[in-house]
Amino acid sequence: MQFKDLEWKDVVLDGMTVCSHCEINLCGVVKMEFRINHEPKEDKYYLYCFGKGSLRRLKPEKNDSIESAKNRAYRIYSDEMGRIRKAVDFLVAT
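Residues numbered from 1 in each chain as written. Predicted model: local features only at pLDDT ≥ 70, side-chain atom pairs only at ≥ 80, totals over all residues. Heavy atoms only, no water.

**Q** Tell me about the packing of aromatic side chains, residues and numbers included.
**A** As enumerated under the stated definition, the model contains two aromatic pairs in all. Judged by centre distance (6.4 Å) and plane angle (45°), the rings of tryptophan 8 and phenylalanine 34 are tilted. Of the two residues, tryptophan 8 sits in the segment before strand 1 (9-13) while phenylalanine 34 sits in strand 3 (residues 30-39), which places them 26 residues apart along the sequence. Phenylalanine 34 sits in the buried class, given a relative accessible area of 0%. Pairing tyrosine 74 with tyrosine 77 gives two aromatic rings, centres 5.7 Å apart and planes at 50°, and the pair type is tilted. A residue pair is termed a helical-turn pair when its members lie 3 or 4 positions apart in one helix, as tyrosine 74 and tyrosine 77 do in helix 1 (residues 66-93) at three residues. Residue tyrosine 74 is classed as partly exposed on the basis of its relative accessible area, which comes to 27%. (Phe/Tyr/Trp six-rings, centres within 6.5 Å; stacked < 30°, edge-to-face > 60°. Helix = DSSP H or I, 4+ residues; strand = E, 2+ residues; numbered from the N terminus. Buried < 20%, exposed > 50% of the residue type's maximum accessible area, 1.4 Å probe, protein only.)

Quick look at the structure:
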């Protein structure tokens, strides 16, 4: 199963991405949201995940770069979509 690329809205200051945001809304039923914020003191990017179930993270995940944070968000998105696909396949089969 292939998923679409996530569409990020970046906020750039002085040539550096300080935050990025992505929302996915599937037919008004499933909503996923990812936010990445730069923490200048640690020079790390914090990935926040919002949604229902296993998607929601209580603590942000630290990343060394904006690209690694976006890659991690895509893996989380892919895992969640795989779970949704399995649930739909199960409901269709019964």
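**Q** Pulling in residues and values, what's your account of the nonpolar core?
**A** One finds Leu6, Trp8, Ile24, Phe34, Ile36, Leu47 and Tyr77 to be the most contacted residues of the largest nonpolar core, which totals 16 residues. Of all the secondary structure elements, the ones that give two or more residues to this core are strand 2 (16-26), strand 3, strand 4 (44-50) and helix 1. Here this core gets six residues from one element, more than from any other, and that element is helix 1. (Core = buried A, V, L, I, M, F, W, Y, C linked by side-chain atoms within 4.5 Å.)

**Q** Tell me about the pairing of strand 1, and name the residues and values.
**A** Taken together, the five bridges between strand 1 and strand 2 define a ladder with antiparallel strand orientation. The residue of strand 2 that forms the bridge with valine 11 is cysteine 19. With antiparallel pairing between neighbouring strands as the criterion, strand 1 and strand 2 make up a hairpin whose turn holds two residues, including aspartate 14 at a positive phi of roughly 50°. (Pairing = 2+ DSSP bridges.)

**Q** For the side chain of histidine 21, give the residues involved together with the corresponding values.
**A** In this fold, histidine 21 is placed in strand 2. Under the relative-accessibility criterion, histidine 21 is labelled buried at 17%. In terms of polar contacts, histidine 21 uses its side chain to reach the side chain of glutamate 33, at 3.1 Å. When neighbours within four sequence positions are excluded, histidine 21 is seen to be in contact with Glu7, Trp8, Lys9, Glu33, Phe34 and Arg35. (Polar contact = N/O pair within 3.5 Å; in protein donor to acceptor, adjacent residues only side chain to side chain. Contact = heavy atoms within 4.5 Å.)

**Q** Mind laying out the state of the cysteines, listing which residues take part and the relevant values?
**A** A complete count under the given rule lists zero disulfides for this structure. Between cysteine 19, a free cysteine, and cysteine 22, which holds the nearest cysteine sulfur, the sulfur-to-sulfur gap is 13 Å. With no disulfide of its own, cysteine 49 lies 11 Å from the sulfur of cysteine 22, the closest cysteine sulfur. Taking relative accessible area as the criterion, cysteine 49 reaches 1% and is therefore assigned buried. (Disulfide = S-S within 2.5 Å.)

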